[in-house]
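Residues per chain, in single letters:
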Amino acid sequence: YDMIEETGFRSPLVAPLSTFSIDVDTASYANVRRFLNQGQLPPEDAVRIEELINYFNYADAPPTESLEEGGDPFAVHMTQTKAPWNDAHRLLRIALKGYEMPWEERPASNLVFLLDVSGSMNDANKLPLVQRSLNMLVNRLDDRDRVAVVVYAGASGLVLPSTTANNRETISHALNNLSAGGSTNAGAGIELAYKLAREHFVEDGNNRVILCTDGDFNVGVTNRGDLAATADAEAENGIRLTILGFGMGNYKDGMLEELSNKGKGSYAYVDSDVEARKVFLNDLTSNLFTIAKDVKVQVEFNPAKVQSYRLIGYENRRLKAEDFNTDKKKAGDIGPGHSIVALYELVPSGVSMDLPTVDDLKYQGKPETGAG
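Residues numbered from 1 in each chain as written. Predicted model: local features only at pLDDT ≥ 70, side-chain atom pairs only at ≥ 80, totals over all residues. Heavy atoms only, no water.

Chemist: Teacher, can you tell me more about the packing of aromatic side chains here?
Modeler: The geometry of an aromatic ring pair is captured by two quantities: the separation of the ring centres and the angle between the planes. On inspection of all chains with the given rule, the structure shows nine aromatic pairs. Note on Tyr29 and Phe56: the rings are 5.2 Å apart at their centroids and 80° apart in plane angle, and the pair reads as edge-to-face. Of the two residues, Tyr29 sits in helix 1 (residues 27-37) while Phe56 sits in the loop between helix 2 (49-53) and strand 2 (74-83), which places them 27 residues apart along the sequence. Centroid distance Tyr55 to Phe56: 5.2 Å. Interplanar angle 80°. Geometry classified as edge-to-face. Overall, Phe56 belongs to the partly exposed group, its relative accessible area being 38%. An aromatic cluster is built from Phe20, Phe301, Tyr309, Tyr314 and Tyr344, whose rings are joined through pairwise contacts. Between Arg140 and the ring centre of Trp103, over which it is positioned, the NZ or CZ distance is 4.4 Å. Between Lys278 and the ring centre of Tyr55, over which it is positioned, the NZ or CZ distance is 4.2 Å. (Phe/Tyr/Trp six-rings, centres within 6.5 Å; stacked < 30°, edge-to-face > 60°. Helix = DSSP H or I, 4+ residues; strand = E, 2+ residues; numbered from the N terminus. Buried < 20%, exposed > 50% of the residue type's maximum accessible area, 1.4 Å probe, protein only. Lys NZ or Arg CZ within 6 Å of the ring centre and 35° of its normal.)

Here's what the structure looks like:
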């Protein structure tokens with residue numbers, strides 16, 4: 001797990017703006033739940049608080065008008081209450097709720113399943129669960145959609161060329177006949193998957209590679225930077241990368257989260273058939289499609305009202321204040337029906353607290369007015 005360095009309180013006098021990218025991933029919640037169900041505390045860095053909060057759907061109202069009618073892609077809700085852990089502090093909730101697109105309004109999909117069939121996937125909660133999960137997805141698709149299947153182990157290979165999704169028996173047969181064995185050459189598989197996605201690219205459609213793996217890449221291109229650069233470049237060309245993590249033991253959470261961020265897709269951890277139904281049935285529309293791209297949030301705090309604040313979670317999603325107005329700085333995407341919640345702990349003015357300070361600034365005082 002990548003290290004999480006929790007952010008402390010900040011004064012609006014020093015940093016009046018808080019800026020971050022939204023996060024629609026849910027992998028941390030399911031992974032933490034897996035540890036707890038086994039009677040273990042999860043590793044500290046496995047707990048990404050924003051993913052625990054955003055795992056759930058909330059009762060926030062979505063926009064009422066469709067995108068075609070000129071409606072907004074998402075609605076914004078804000079509320080404030082006492083912080084449960086400190087009555088003198090306030091808890092600010094900022095929520096975004098995506099437009100709930102009916103399934104019949106969805107664009108056509110060009111999907112490439114990229115499946116890890118290496119030896120590390122040879123467990124009941126890995127490849128067999130992958131096969132059951134993807135069959136759920138295939139059963140939701142129709143003749144507007146296309147599916148291809150690429151596998152990788154010591155070498156990569158095409159199992160099923162791009163096929164219209166109404167050929168469910170053909171696709172299911174290709175999935176169900178897979179078996180695990182060998183080392184893990186993910187780099188070659190990723191290249192082939194993106195090649196297929198480019199060849200069958202659907203203009204104004206949903207072009208996506210869906211990677212199912214435990215992340216144990218050990219042959220070929222294994223450098224995180226190289227793999228992330230590939231995902232980033234393909235996302236710029238309109239092909240997104242959704243990652244589904246499976247299994248435990250040698251699970252590589254940090255790499256998978258980074259790849260999904262660069263690939264502009266979502267990242268979920270599937271530990272059971274129940275979680276598979278959540279990802280591929282209950283939340284399928286929000287996980288598969290996009291209604292708002294590069295969504296950033298920026299909050300300005302008034303020092304007359306707020307002595308200090310801290311954003312809870314989102315440690316690896318923080319942005320510089322100037323990134324908010326820079327289109328080159330990428331951020332997370334929102335899918336139909338997504339609920340995105342951010343919580344701030346606020347210390348009102350007048351409440352006693354120890355806050356790190358800086359020395360008085362020499363050059364930031366009011367400039368003197370020169371003569372003439």
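On we go from here.
Chemist: Help me out: how do you make sense of the sheet that holds strand 10 (residues 292-300) in this one?
Modeler: The strands that make up a sheet are held in pairs by hydrogen bonds between backbone atoms, and each pair lies either parallel or antiparallel. Read from one edge of the open sheet, three strands run 1-10-12, paired in antiparallel fashion. Looking at the sheet topology across the chains shown, the edges are occupied by strand 1 (17-21) and strand 12 (332-334). This sheet shows a mean twist of 45° between the axes of neighbouring strands, independent of strand direction. Strand direction decides the pairing type here: strand 10 and strand 12, joined by two bridges, are antiparallel. Note that in strand 12 the partner of Ala292 across the bridge is Ile334. (Pairing = 2+ DSSP bridges. Axes fitted to C-alpha atoms, helices over the stretch in contact; angles between N-to-C directions.)

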